[in-house]
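# Remarks on the overall topology
Listed below, chain by chain, are the residues.
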Protein chains: 2
Amino acid sequence: MSTPSPKHALFEQFALVAKTLGHPQRLELIEQLGQGPRSVDLLAEKLRLPIANVSQHLQVMRRAGLVVAERRGKFVVYALSGGSVLEAVASLQRIAKANLAEVDKIVRGYFDQRDALEPISREELAARVKDGLVTVLDVRPEDEYALGHIPGAINVPLTELERRVQSLPQGQEVVAYCRGAYCVLSFEAVDILRNRGLAARRLADGMPEWIAHGLPVDRSISLP
Amino acid sequence: MSTPSPKHALFEQFALVAKTLGHPQRLELIEQLGQGPRSVDLLAEKLRLPIANVSQHLQVMRRAGLVVAERRGKFVVYALSGGSVLEAVASLQRIAKANLAEVDKIVRGYFDQRDALEPISREELAARVKDGLVTVLDVRPEDEYALGHIPGAINVPLTELERRVQSLPQGQEVVAYCRGAYCVLSFEAVDILRNRGLAARRLADGMPEWIAHGLPVDRSISLP
DNA sequence: TTGATAATCAATGATTTCGTTGAATGATTG
DNA sequence: CAATCATTCAACGAAATCATTGATTATCAA
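Notes on the structure follow. All figures in this text were calculated on a predicted structure; none of them were measured in a lab.

## Focus on the protein's contact with DNA strand D
Neighbouring DNA strand D are 23 residues, the closest being Asp41(A), Ser55(A), Gln59(A), Tyr78(A) and His57(B). Across the atoms of DNA strand D situated within 4 Å of the protein, the share located in sugar and phosphate is 82%. Contact between DNA strand D and Gln59(A): a phosphate oxygen at 2.3 Å from a side-chain N or O atom of the residue. Listing elements by their share of the surface near DNA strand D, those giving two or more residues are helix H3 (40–47), helix H4 (51–63) and strand E3 (75–80) of chain A together with helix H2 (24–33) and helix H4 (51–63) of chain B.

## Considering the packing of aromatic side chains
Aromatic ring pairs: the centre-centre distance and the angle between the two ring planes describe each pair. All names here are of chain A. A complete count under the given rule lists 2 aromatic pairs over all chains for this structure. Judged by centre distance (6.2 Å) and plane angle (75°), the ring pair of Phe11 and Phe14 falls under edge-to-face. Residue Phe11 and its partner Phe14 are located together in helix H1 (residues 6–21), separated by 3 residues, close to a single helical turn. Under the relative-accessibility criterion, Phe11 is labelled buried at 8%. When the ring centre of Phe187 is taken as reference, the NZ or CZ atom of Arg202 above it lies at 4.0 Å.

## Concerning helix H3 (residues 40–47) of chain B
All names here are of chain B. Residues of H3 that are buried: Val40, Leu43, Ala44 and Leu47. The buried side chains of H3 occupy one side of the element, clustering within an arc of 100° when seen end-on. Its buried side turned inward, H3 meets H2, strand E1 (38–39), H4 and strand E3 (75–80). Residue Arg48 follows H3 closely and has a positive phi angle near 55°.

## Digging into the interface of chain A and chain B
Accessible area lost upon the coming together of the parts is a frequently used measure of interface size. Each side of the interface is counted separately: chain A has 48 residues, and chain B has 46 residues. Contact between chain A and chain B buries roughly 4300 Å² in total, counting both sides, with carbon and sulfur atoms accounting for 72%. Ranking the residues of chain A by area buried against chain B places Phe11(A), Phe14(A) and Ile95(A) at the top, with a combined share of 14%. Our count for the contact surface shared by chain A and chain B stands at 2 salt bridges. For the pair chain A and chain B, the interface holds 9 residue pairs in polar contact (both at pLDDT 80 or more). Those elements giving two or more residues to the side of chain A that touches chain B turn out to be H1, helix H2 (24–33), helix H5 (83–99) and helix H6 (101–111) of chain A. Among the residues forming the side of chain A that touches chain B, the class breakdown is 26 nonpolar, 12 polar and 10 charged.

## Details of the pairing of E3(B)
All names here are of chain B. As paired strands, E1 and E3 are joined by 2 bridges and run antiparallel to one another. Residue pairing across strands places Arg38 opposite Tyr78, the latter belonging to E3. With 6 bridges joining them, strand E2 (residues 67–72) and E3 adopt antiparallel strand pairing. In the strand pairing of E3, Val68 is matched with Ala79. The turn linking E2 back onto E3 is made up of 2 residues, and Gly73 within it adopts a positive phi angle of 65°.

## Thoughts on the protein's contact with DNA strand C
As a structural note, the neighbourhood of DNA strand C is formed by 23 residues, with His57(A), Asp41(B), Ser55(B), Gln59(B) and Tyr78(B) the closest of them. Counting only atoms of DNA strand C within 4 Å of the protein, the sugar-phosphate share comes to 84%. Within the backbone of Val76(B), an N or O atom sits 3.1 Å from a phosphate oxygen of DNA strand C. A breakdown of the residues in the surface near DNA strand C according to their chemical character gives 7 nonpolar, 10 polar and 6 charged.

## Regarding empty space enclosed by the protein
All names here are of chain A. A full pass over the atoms with the stated rule returns 1 cavity of 30 Å³ or more. Considering only enclosed or pocket space, the largest cavity measures out at about 40 Å³ in volume. Taken together, Gln35, Arg38, Arg140, Glu144, Leu147, Gly148, Met207, Ile211 and Arg219 make up the full set of residues lining the largest cavity. Here the lining of the largest cavity is built from residues that sort into 3 nonpolar, 2 polar and 4 charged.

## So, the sheet that holds E3(B)
What holds strands together in a sheet is hydrogen bonding between their backbones, with the strands either parallel or antiparallel. If you walk across this open sheet you meet the 3 strands as E1-E3-E2 (chain B), and the pairing is antiparallel. The sheet terminates laterally at E1 and E2 of chain B, the two strands that pair on one side only.

## Let's talk about the sheet that holds strand E5 (residues 154–155) of chain B
Residues and elements named next belong to chain B. One open sheet holds the 4 strands; their spatial order is E5-E4-E6-E7, and the pairing between them is parallel. Of all strands in the sheet, those with a lone pairing partner are E5 and strand E7 (200–202), marking the two edges. Two elements, strand E4 (residues 134–138) and E5, share 2 bridges in a ladder whose sense is parallel. Bridging from a neighbouring strand, Asp138 pairs with Asn155 of E5.

## Structural notes on the nonpolar core
Note on soluble globular proteins: their nonpolar side chains tend to be buried together. By size, the foremost hydrophobic cluster in this structure holds 69 residues, and its most contacted members are Leu21(A), Leu58(A), Leu66(A), Leu21(B), Leu58(B) and Leu66(B). Apart from residues no more than four positions distant in its own chain, Leu66(A) is found in contact with Val17(A), Thr20(A), Leu21(A), Met61(A), Ala79(A), Leu80(A), Ser81(A), Val85(A) and Ile95(B). Counting 18 residues, the second-largest nonpolar core is a separate cluster that includes Val139(A), Ala176(A), Ala189(A) and Val190(A).

Thresholds, definitions, all that
Residues numbered from 1 in each chain as written. Chains lettered and ligands numbered in written order. Predicted model: local features only at pLDDT ≥ 70, side-chain atom pairs only at ≥ 80, totals over all residues. Heavy atoms only, no water. Near = heavy atom within 4 Å. Polar contact = N/O pair within 3.5 Å; in protein donor to acceptor, adjacent residues only side chain to side chain. Helix = DSSP H or I, 4+ residues; strand = E, 2+ residues; numbered from the N terminus. Phe/Tyr/Trp six-rings, centres within 6.5 Å; stacked < 30°, edge-to-face > 60°. Buried < 20%, exposed > 50% of the residue type's maximum accessible area, 1.4 Å probe, protein only. Lys NZ or Arg CZ within 6 Å of the ring centre and 35° of its normal. Arc of directions from axis to C-beta. Contact = heavy atoms within 4.5 Å. Buried area = accessible area lost by both parts, 1.4 Å probe. Salt bridge = Lys/Arg side-chain N within 4 Å of Asp/Glu carboxyl O. Nonpolar A, V, L, I, M, F, W, Y, C, P; charged D, E, K, R; others polar. Pairing = 2+ DSSP bridges. 1 Å grid on protein atoms, 1.4 Å probe; cavity = no way out; pocket = protein on both sides within 12 Å on 5 of 7 lines; lining within 4 Å. Points joined across faces, edges and corners; volume = space filled by probe spheres on them. Core = buried A, V, L, I, M, F, W, Y, C linked by side-chain atoms within 4.5 Å.

Written as C-alpha coordinates, this is what we have:
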(Lines give C-alpha, C1' and ligand atoms only; values in the text may rest on other atoms or scores of the structure.)
Protein backbone atom coordinates (compact mmCIF):
# COMPACT_ATOMS: atom_id res chain seq x y z
CA MET A 1 0.00 0.00 0.00
CA SER A 2 1.26 3.44 -0.85
CA THR A 3 -0.24 5.13 2.18
CA PRO A 4 0.12 2.98 5.29
CA SER A 5 -2.67 3.25 7.79
CA PRO A 6 -2.00 5.72 10.58
CA LYS A 7 -1.99 2.88 13.02
CA HIS A 8 0.87 1.25 11.20
CA ALA A 9 2.65 4.53 10.85
CA LEU A 10 2.51 4.85 14.62
CA PHE A 11 3.84 1.36 15.18
CA GLU A 12 6.60 2.23 12.78
CA GLN A 13 7.62 5.09 15.03
CA PHE A 14 7.49 2.99 18.18
CA ALA A 15 9.57 0.36 16.45
CA LEU A 16 12.13 2.98 15.52
CA VAL A 17 12.65 3.76 19.18
CA ALA A 18 13.05 0.09 20.06
CA LYS A 19 15.31 -0.62 17.13
CA THR A 20 17.55 2.20 18.23
CA LEU A 21 17.77 0.71 21.70
CA GLY A 22 18.75 -2.58 20.14
CA HIS A 23 22.47 -2.13 20.03
CA PRO A 24 24.80 -2.96 22.92
CA GLN A 25 26.96 0.09 22.54
CA ARG A 26 24.01 2.41 22.39
CA LEU A 27 22.76 0.87 25.62
CA GLU A 28 26.16 1.52 27.09
CA LEU A 29 25.91 5.13 25.97
CA ILE A 30 22.56 5.36 27.71
CA GLU A 31 24.11 3.94 30.84
CA GLN A 32 26.67 6.71 30.75
CA LEU A 33 24.13 9.40 29.97
CA GLY A 34 21.99 8.10 32.82
CA GLN A 35 24.52 9.67 35.11
CA GLY A 36 24.32 13.04 33.46
CA PRO A 37 24.93 14.95 30.21
CA ARG A 38 28.19 14.12 28.47
CA SER A 39 30.15 15.30 25.46
CA VAL A 40 30.82 13.07 22.47
CA ASP A 41 34.47 13.25 23.31
CA LEU A 42 34.07 11.92 26.81
CA LEU A 43 31.66 9.20 25.81
CA ALA A 44 34.01 7.97 23.13
CA GLU A 45 36.81 7.81 25.63
CA LYS A 46 34.68 5.92 28.16
CA LEU A 47 33.58 3.34 25.64
CA ARG A 48 36.95 3.19 23.94
CA LEU A 49 35.39 3.69 20.55
CA PRO A 50 36.24 5.95 17.63
CA ILE A 51 34.69 9.38 18.00
CA ALA A 52 33.03 9.19 14.61
CA ASN A 53 31.36 5.96 15.58
CA VAL A 54 30.02 7.37 18.83
CA SER A 55 28.85 10.47 17.03
CA GLN A 56 26.92 8.35 14.56
CA HIS A 57 25.28 6.37 17.34
CA LEU A 58 24.32 9.52 19.18
CA GLN A 59 22.75 11.00 16.10
CA VAL A 60 20.76 7.86 15.48
CA MET A 61 19.60 8.08 19.05
CA ARG A 62 18.71 11.71 18.62
CA ARG A 63 16.59 10.96 15.59
CA ALA A 64 14.79 8.30 17.60
CA GLY A 65 14.07 10.74 20.42
CA LEU A 66 16.21 8.96 22.99
CA VAL A 67 18.66 11.79 23.54
CA VAL A 68 18.89 15.51 22.98
CA ALA A 69 21.94 17.48 21.96
CA GLU A 70 23.05 20.93 22.92
CA ARG A 71 26.05 22.79 21.69
CA ARG A 72 28.14 24.22 24.47
CA GLY A 73 31.12 26.04 23.05
CA LYS A 74 33.34 23.64 21.25
CA PHE A 75 31.49 20.67 22.62
CA VAL A 76 28.19 19.07 21.85
CA VAL A 77 26.66 17.79 25.01
CA TYR A 78 24.18 14.95 24.83
CA ALA A 79 21.62 14.06 27.47
CA LEU A 80 18.79 11.60 27.83
CA SER A 81 15.55 13.02 26.49
CA GLY A 82 13.65 11.99 29.60
CA GLY A 83 13.09 9.50 32.34
CA SER A 84 11.19 7.12 30.09
CA VAL A 85 14.44 6.10 28.47
CA LEU A 86 15.81 4.61 31.66
CA GLU A 87 12.42 3.06 32.34
CA ALA A 88 12.52 1.38 28.96
CA VAL A 89 16.00 0.06 29.56
CA ALA A 90 14.98 -1.19 32.98
CA SER A 91 12.12 -3.09 31.39
CA LEU A 92 14.49 -4.61 28.86
CA GLN A 93 16.73 -5.77 31.66
CA ARG A 94 13.82 -7.23 33.56
CA ILE A 95 12.62 -9.12 30.51
CA ALA A 96 16.09 -10.42 29.77
CA LYS A 97 16.79 -11.42 33.33
CA ALA A 98 13.48 -13.20 33.74
CA ASN A 99 13.40 -15.03 30.44
CA LEU A 100 16.83 -15.45 28.96
CA ALA A 101 18.78 -18.34 30.36
CA GLU A 102 21.86 -16.77 28.88
CA VAL A 103 21.64 -13.82 31.24
CA ASP A 104 21.44 -16.06 34.25
CA LYS A 105 24.40 -17.97 32.97
CA ILE A 106 26.48 -14.85 32.53
CA VAL A 107 25.51 -13.41 35.85
CA ARG A 108 26.07 -16.67 37.64
CA GLY A 109 29.25 -17.59 35.82
CA TYR A 110 30.98 -14.34 36.45
CA PHE A 111 29.43 -12.75 39.44
CA ASP A 112 28.05 -15.58 41.46
CA GLN A 113 29.26 -16.07 44.95
CA ARG A 114 30.28 -12.48 44.77
CA ASP A 115 26.69 -11.67 45.44
CA ALA A 116 25.68 -14.32 47.92
CA LEU A 117 23.82 -11.76 49.98
CA GLU A 118 20.83 -9.87 48.80
CA PRO A 119 21.61 -6.47 47.42
CA ILE A 120 20.41 -3.61 49.57
CA SER A 121 17.55 -1.47 48.31
CA ARG A 122 17.61 2.28 47.80
CA GLU A 123 15.17 2.88 50.60
CA GLU A 124 17.06 0.74 53.04
CA LEU A 125 20.32 2.42 52.19
CA ALA A 126 18.83 5.91 52.46
CA ALA A 127 17.59 5.05 55.93
CA ARG A 128 20.86 3.61 57.10
CA VAL A 129 22.82 6.52 55.72
CA LYS A 130 20.76 8.82 57.92
CA ASP A 131 21.68 6.76 60.94
CA GLY A 132 25.33 6.65 59.98
CA LEU A 133 25.33 2.88 60.14
CA VAL A 134 27.08 2.21 56.88
CA THR A 135 30.00 3.28 54.80
CA VAL A 136 28.80 4.09 51.32
CA LEU A 137 31.35 3.36 48.67
CA ASP A 138 31.23 4.83 45.19
CA VAL A 139 33.44 2.68 42.99
CA ARG A 140 33.00 4.61 39.77
CA PRO A 141 35.88 6.52 38.25
CA GLU A 142 36.68 9.81 39.87
CA ASP A 143 35.18 11.98 37.15
CA GLU A 144 31.82 10.31 37.33
CA TYR A 145 31.83 10.63 41.10
CA ALA A 146 32.64 14.32 40.81
CA LEU A 147 29.55 14.91 38.70
CA GLY A 148 27.22 13.64 41.40
CA HIS A 149 27.18 11.01 44.10
CA ILE A 150 25.25 9.81 47.11
CA PRO A 151 25.88 12.23 50.00
CA GLY A 152 28.51 10.87 52.34
CA ALA A 153 29.76 8.35 49.82
CA ILE A 154 33.48 7.78 49.66
CA ASN A 155 34.92 7.53 46.20
CA VAL A 156 37.38 4.72 45.70
CA PRO A 157 37.52 3.74 42.06
CA LEU A 158 37.60 0.01 41.56
CA THR A 159 41.10 0.21 40.17
CA GLU A 160 42.36 1.57 43.47
CA LEU A 161 40.16 -0.37 45.82
CA GLU A 162 42.60 -3.10 46.59
CA ARG A 163 45.28 -0.60 47.45
CA ARG A 164 43.08 1.57 49.62
CA VAL A 165 40.85 -0.98 51.25
CA GLN A 166 42.50 -0.61 54.65
CA SER A 167 41.74 3.09 54.73
CA LEU A 168 38.03 2.38 54.96
CA PRO A 169 36.22 2.55 58.30
CA GLN A 170 36.66 -0.93 59.71
CA GLY A 171 33.79 -1.76 61.98
CA GLN A 172 30.99 -0.85 59.62
CA GLU A 173 29.21 -2.54 56.85
CA VAL A 174 30.16 -1.24 53.44
CA VAL A 175 27.65 -0.73 50.63
CA ALA A 176 29.10 -0.35 47.17
CA TYR A 177 27.33 1.12 44.20
CA CYS A 178 28.13 2.25 40.68
CA ARG A 179 26.25 3.02 37.50
CA GLY A 180 23.21 0.83 37.58
CA ALA A 181 21.70 -2.52 38.34
CA TYR A 182 23.94 -4.35 35.92
CA CYS A 183 27.06 -2.31 36.35
CA VAL A 184 29.77 -4.79 37.09
CA LEU A 185 31.95 -2.49 39.16
CA SER A 186 29.96 -2.91 42.34
CA PHE A 187 29.95 -6.69 41.97
CA GLU A 188 33.68 -6.73 41.79
CA ALA A 189 34.03 -4.29 44.64
CA VAL A 190 31.96 -6.45 46.95
CA ASP A 191 34.06 -9.41 45.98
CA ILE A 192 37.27 -7.63 46.85
CA LEU A 193 35.94 -6.33 50.13
CA ARG A 194 34.63 -9.70 51.25
CA ASN A 195 37.96 -11.28 50.49
CA ARG A 196 39.46 -8.77 52.88
CA GLY A 197 37.01 -9.74 55.56
CA LEU A 198 34.74 -6.73 55.42
CA ALA A 199 30.99 -6.98 55.58
CA ALA A 200 30.17 -5.73 52.12
CA ARG A 201 26.97 -5.51 50.18
CA ARG A 202 25.87 -4.05 46.91
CA LEU A 203 23.22 -1.44 46.20
CA ALA A 204 20.51 -3.09 44.10
CA ASP A 205 20.80 -0.40 41.46
CA GLY A 206 22.95 2.63 40.85
CA MET A 207 23.30 6.36 40.56
CA PRO A 208 20.75 7.01 37.81
CA GLU A 209 18.00 5.28 39.75
CA TRP A 210 18.99 7.16 42.88
CA ILE A 211 18.60 10.42 41.00
CA ALA A 212 15.42 9.30 39.29
CA HIS A 213 13.75 8.71 42.65
CA GLY A 214 14.56 12.17 43.88
CA LEU A 215 17.00 11.12 46.55
CA PRO A 216 19.65 13.66 47.55
CA VAL A 217 22.72 14.04 45.37
CA ASP A 218 26.00 15.58 46.35
CA ARG A 219 27.73 17.41 43.54
CA SER A 220 30.68 18.70 45.52
CA ILE A 221 34.01 16.98 45.63
CA SER A 222 35.05 15.49 48.95
CA LEU A 223 38.39 13.89 48.99
CA PRO A 224 38.48 10.61 50.85
CA MET B 1 38.61 -10.11 21.54
CA SER B 2 37.94 -13.82 21.77
CA THR B 3 36.04 -13.70 25.03
CA PRO B 4 33.85 -10.64 25.36
CA SER B 5 33.71 -9.14 28.81
CA PRO B 6 30.74 -10.25 30.87
CA LYS B 7 29.55 -6.70 30.88
CA HIS B 8 29.46 -6.60 27.15
CA ALA B 9 27.82 -10.00 27.02
CA LEU B 10 25.03 -8.69 29.23
CA PHE B 11 24.48 -5.62 27.09
CA GLU B 12 24.34 -7.91 24.13
CA GLN B 13 21.43 -9.73 25.71
CA PHE B 14 19.57 -6.58 26.61
CA ALA B 15 20.09 -5.31 23.09
CA LEU B 16 18.65 -8.53 21.73
CA VAL B 17 15.42 -7.87 23.57
CA ALA B 18 15.23 -4.31 22.28
CA LYS B 19 16.16 -5.27 18.76
CA THR B 20 13.36 -7.79 18.78
CA LEU B 21 10.91 -5.13 19.84
CA GLY B 22 12.15 -3.00 16.97
CA HIS B 23 9.77 -4.17 14.30
CA PRO B 24 6.29 -2.73 13.76
CA GLN B 25 4.61 -6.03 13.14
CA ARG B 26 6.15 -7.60 16.19
CA LEU B 27 4.79 -4.71 18.22
CA GLU B 28 1.42 -5.38 16.71
CA LEU B 29 1.72 -9.02 17.71
CA ILE B 30 2.46 -7.91 21.24
CA GLU B 31 -0.60 -5.70 21.19
CA GLN B 32 -2.68 -8.71 20.24
CA LEU B 33 -1.06 -10.96 22.80
CA GLY B 34 -1.69 -8.28 25.40
CA GLN B 35 -5.33 -9.32 25.20
CA GLY B 36 -4.58 -12.95 25.84
CA PRO B 37 -2.86 -16.02 24.45
CA ARG B 38 -3.38 -16.59 20.75
CA SER B 39 -2.53 -19.21 18.15
CA VAL B 40 -0.21 -18.50 15.24
CA ASP B 41 -3.13 -19.04 12.96
CA LEU B 42 -5.30 -16.41 14.55
CA LEU B 43 -2.52 -13.87 14.82
CA ALA B 44 -1.70 -14.27 11.16
CA GLU B 45 -5.31 -13.65 10.28
CA LYS B 46 -5.52 -10.57 12.51
CA LEU B 47 -2.42 -9.03 11.01
CA ARG B 48 -3.23 -10.21 7.52
CA LEU B 49 0.21 -11.69 7.10
CA PRO B 50 1.45 -15.05 5.81
CA ILE B 51 1.48 -17.68 8.51
CA ALA B 52 5.13 -18.50 7.92
CA ASN B 53 6.05 -14.89 8.45
CA VAL B 54 4.14 -14.64 11.71
CA SER B 55 5.63 -17.90 12.86
CA GLN B 56 9.11 -16.58 12.20
CA HIS B 57 8.40 -13.40 14.12
CA LEU B 58 6.99 -15.32 17.05
CA GLN B 59 10.00 -17.54 17.21
CA VAL B 60 12.33 -14.59 17.16
CA MET B 61 10.31 -13.15 20.01
CA ARG B 62 10.46 -16.41 21.88
CA ARG B 63 14.22 -16.51 21.60
CA ALA B 64 14.36 -12.98 22.96
CA GLY B 65 12.20 -13.91 25.94
CA LEU B 66 9.27 -11.74 24.95
CA VAL B 67 6.76 -14.54 24.50
CA VAL B 68 6.32 -18.16 25.50
CA ALA B 69 4.80 -20.93 23.42
CA GLU B 70 2.70 -23.88 24.40
CA ARG B 71 1.37 -26.56 22.14
CA ARG B 72 -2.32 -27.24 22.58
CA GLY B 73 -3.44 -29.99 20.28
CA LYS B 74 -3.02 -28.96 16.71
CA PHE B 75 -2.29 -25.39 17.72
CA VAL B 76 0.67 -23.64 19.21
CA VAL B 77 -0.52 -20.93 21.54
CA TYR B 78 1.74 -17.98 22.24
CA ALA B 79 1.50 -15.62 25.20
CA LEU B 80 3.48 -12.72 26.57
CA SER B 81 6.23 -13.88 28.88
CA GLY B 82 5.30 -11.34 31.53
CA GLY B 83 4.09 -7.90 32.41
CA SER B 84 7.43 -6.29 31.73
CA VAL B 85 6.83 -6.65 28.02
CA LEU B 86 3.85 -4.33 28.08
CA GLU B 87 5.76 -2.00 30.36
CA ALA B 88 8.58 -1.84 27.88
CA VAL B 89 6.21 -1.10 25.04
CA ALA B 90 4.52 1.58 27.11
CA SER B 91 7.89 3.22 27.67
CA LEU B 92 8.61 3.10 23.96
CA GLN B 93 5.33 4.80 23.25
CA ARG B 94 5.98 7.45 25.86
CA ILE B 95 9.40 8.18 24.41
CA ALA B 96 8.03 8.37 20.90
CA LYS B 97 5.10 10.58 21.81
CA ALA B 98 7.22 12.96 23.83
CA ASN B 99 10.11 13.32 21.43
CA LEU B 100 9.15 12.43 17.90
CA ALA B 101 7.42 15.17 15.97
CA GLU B 102 6.34 12.54 13.49
CA VAL B 103 4.08 10.91 16.06
CA ASP B 104 2.27 14.16 16.74
CA LYS B 105 1.83 14.65 13.05
CA ILE B 106 0.32 11.22 12.57
CA VAL B 107 -2.00 11.50 15.51
CA ARG B 108 -3.15 14.94 14.49
CA GLY B 109 -3.66 14.07 10.84
CA TYR B 110 -5.43 10.89 11.81
CA PHE B 111 -7.98 12.36 14.14
CA ASP B 112 -8.40 15.95 13.01
CA GLN B 113 -9.38 15.02 9.54
CA ARG B 114 -12.49 13.27 10.71
CA ASP B 115 -13.26 15.40 13.71
CA ALA B 116 -13.17 12.25 15.70
CA LEU B 117 -10.61 12.96 18.34
CA GLU B 118 -13.39 14.16 20.58
CA PRO B 119 -15.56 11.38 21.86
CA ILE B 120 -19.27 12.02 21.71
CA SER B 121 -21.08 12.70 24.97
CA ARG B 122 -24.00 10.75 26.37
CA GLU B 123 -26.38 13.66 25.92
CA GLU B 124 -25.37 14.25 22.35
CA LEU B 125 -25.73 10.62 21.50
CA ALA B 126 -29.13 10.36 23.14
CA ALA B 127 -30.34 13.29 21.04
CA ARG B 128 -28.99 11.92 17.81
CA VAL B 129 -30.42 8.50 18.46
CA LYS B 130 -33.85 10.08 18.72
CA ASP B 131 -33.36 11.66 15.31
CA GLY B 132 -32.07 8.44 13.82
CA LEU B 133 -28.91 10.15 12.64
CA VAL B 134 -26.40 7.62 13.85
CA THR B 135 -25.76 3.93 13.97
CA VAL B 136 -25.01 2.90 17.52
CA LEU B 137 -22.64 0.02 17.79
CA ASP B 138 -22.20 -2.15 20.88
CA VAL B 139 -18.88 -3.94 20.54
CA ARG B 140 -19.04 -5.97 23.73
CA PRO B 141 -19.37 -9.72 23.70
CA GLU B 142 -22.85 -11.01 23.03
CA ASP B 143 -23.67 -12.03 26.59
CA GLU B 144 -22.95 -8.59 27.95
CA TYR B 145 -25.09 -7.02 25.27
CA ALA B 146 -27.95 -9.31 26.13
CA LEU B 147 -27.97 -8.06 29.70
CA GLY B 148 -28.73 -4.52 28.62
CA HIS B 149 -27.79 -2.08 25.87
CA ILE B 150 -28.59 1.30 24.43
CA PRO B 151 -31.90 1.13 22.57
CA GLY B 152 -31.37 0.71 18.86
CA ALA B 153 -27.76 -0.35 19.30
CA ILE B 154 -26.50 -3.10 17.07
CA ASN B 155 -24.32 -5.72 18.71
CA VAL B 156 -21.23 -6.62 16.78
CA PRO B 157 -18.56 -7.96 19.13
CA LEU B 158 -15.14 -6.60 18.34
CA THR B 159 -13.97 -10.03 17.35
CA GLU B 160 -16.52 -10.14 14.57
CA LEU B 161 -16.45 -6.53 13.56
CA GLU B 162 -13.96 -6.94 10.79
CA ARG B 163 -15.99 -9.69 9.21
CA ARG B 164 -19.31 -7.91 9.53
CA VAL B 165 -18.31 -4.36 8.89
CA GLN B 166 -19.93 -4.26 5.46
CA SER B 167 -23.32 -5.19 6.92
CA LEU B 168 -23.50 -1.88 8.78
CA PRO B 169 -25.59 1.00 7.41
CA GLN B 170 -23.19 2.77 5.10
CA GLY B 171 -24.14 6.42 4.87
CA GLN B 172 -24.30 7.13 8.58
CA GLU B 173 -21.87 8.01 11.25
CA VAL B 174 -21.19 5.15 13.61
CA VAL B 175 -20.78 5.59 17.35
CA ALA B 176 -19.17 2.72 19.18
CA TYR B 177 -19.32 2.04 22.88
CA CYS B 178 -18.41 -0.73 25.25
CA ARG B 179 -17.87 -1.20 28.95
CA GLY B 180 -16.65 2.14 30.14
CA ALA B 181 -14.55 5.19 29.55
CA TYR B 182 -11.34 3.24 29.48
CA CYS B 183 -12.56 0.11 27.80
CA VAL B 184 -10.29 -0.43 24.86
CA LEU B 185 -12.82 -2.23 22.70
CA SER B 186 -14.45 0.94 21.45
CA PHE B 187 -11.07 2.45 20.61
CA GLU B 188 -10.24 -0.54 18.50
CA ALA B 189 -13.65 -0.58 16.94
CA VAL B 190 -13.27 3.02 15.85
CA ASP B 191 -9.86 2.17 14.50
CA ILE B 192 -11.18 -0.72 12.45
CA LEU B 193 -14.11 1.26 11.14
CA ARG B 194 -11.93 4.18 10.11
CA ASN B 195 -9.55 1.91 8.33
CA ARG B 196 -12.55 0.78 6.34
CA GLY B 197 -13.45 4.33 5.52
CA LEU B 198 -16.45 4.77 7.81
CA ALA B 199 -17.07 7.90 9.85
CA ALA B 200 -16.70 6.47 13.32
CA ARG B 201 -16.62 8.03 16.77
CA ARG B 202 -16.51 6.76 20.27
CA LEU B 203 -18.90 7.29 23.15
CA ALA B 204 -17.05 9.14 25.91
CA ASP B 205 -17.98 6.47 28.41
CA GLY B 206 -19.81 3.16 28.39
CA MET B 207 -22.82 1.19 29.45
CA PRO B 208 -22.46 1.54 33.21
CA GLU B 209 -22.46 5.32 32.97
CA TRP B 210 -25.39 5.26 30.61
CA ILE B 211 -27.40 3.30 33.14
CA ALA B 212 -26.19 5.39 36.03
CA HIS B 213 -27.59 8.52 34.41
CA GLY B 214 -31.02 7.06 34.00
CA LEU B 215 -30.98 6.86 30.24
CA PRO B 216 -33.15 4.19 28.61
CA VAL B 217 -31.88 0.65 28.49
CA ASP B 218 -33.06 -2.12 26.22
CA ARG B 219 -32.91 -5.56 27.80
CA SER B 220 -34.36 -7.49 24.90
CA ILE B 221 -32.31 -9.26 22.30
CA SER B 222 -32.45 -7.86 18.81
CA LEU B 223 -30.53 -9.72 16.20
CA PRO B 224 -28.69 -7.51 13.78
C1' DT C 1 -3.55 -45.53 7.10
C1' DT C 2 -4.68 -41.52 4.57
C1' DG C 3 -5.79 -36.80 4.28
C1' DA C 4 -6.20 -32.30 6.28
C1' DT C 5 -4.75 -28.68 9.19
C1' DA C 6 -1.23 -26.01 12.00
C1' DA C 7 3.24 -24.76 12.39
C1' DT C 8 8.08 -24.86 11.46
C1' DC C 9 12.24 -25.24 8.73
C1' DA C 10 15.63 -24.13 5.03
C1' DA C 11 17.19 -21.34 1.55
C1' DT C 12 17.11 -17.29 -1.39
C1' DG C 13 17.67 -12.49 -2.81
C1' DA C 14 16.49 -7.71 -1.49
C1' DT C 15 17.12 -4.31 1.83
C1' DT C 16 19.04 -2.26 5.91
C1' DT C 17 22.42 -1.53 9.29
C1' DC C 18 27.22 -1.19 10.82
C1' DG C 19 31.99 0.43 11.39
C1' DT C 20 35.65 2.65 9.16
C1' DT C 21 37.95 6.02 6.48
C1' DG C 22 39.05 10.55 5.25
C1' DA C 23 37.29 14.96 4.24
C1' DA C 24 34.38 18.92 5.75
C1' DT C 25 32.16 22.06 9.17
C1' DG C 26 31.85 24.90 13.54
C1' DA C 27 33.86 27.13 17.27
C1' DT C 28 37.66 28.66 20.09
C1' DT C 29 42.37 30.18 20.76
C1' DG C 30 46.61 32.45 19.63
C1' DC D 1 43.63 35.37 10.20
C1' DA D 2 45.66 30.83 10.99
C1' DA D 3 45.83 26.89 13.89
C1' DT D 4 43.51 23.70 16.59
C1' DC D 5 40.09 20.97 18.60
C1' DA D 6 35.32 18.76 18.64
C1' DT D 7 32.08 17.03 15.83
C1' DT D 8 29.72 15.77 11.70
C1' DC D 9 29.32 14.24 6.95
C1' DA D 10 29.82 11.14 2.84
C1' DA D 11 30.85 6.97 1.02
C1' DC D 12 32.37 2.32 1.02
C1' DG D 13 32.24 -2.85 1.77
C1' DA D 14 30.92 -6.27 5.32
C1' DA D 15 27.35 -8.18 7.95
C1' DA D 16 22.68 -8.77 9.60
C1' DT D 17 17.74 -8.70 8.91
C1' DC D 18 13.53 -9.45 6.29
C1' DA D 19 9.73 -11.55 3.48
C1' DT D 20 8.89 -15.11 0.50
C1' DT D 21 8.87 -19.71 -1.29
C1' DG D 22 8.42 -24.49 -1.05
C1' DA D 23 9.38 -28.52 1.60
C1' DT D 24 8.84 -30.81 6.18
C1' DT D 25 7.14 -32.09 10.78
C1' DA D 26 3.35 -32.68 14.19
C1' DT D 27 -1.38 -33.54 15.38
C1' DC D 28 -6.02 -34.81 14.65
C1' DA D 29 -9.96 -36.82 12.12
C1' DA D 30 -11.88 -40.00 8.90
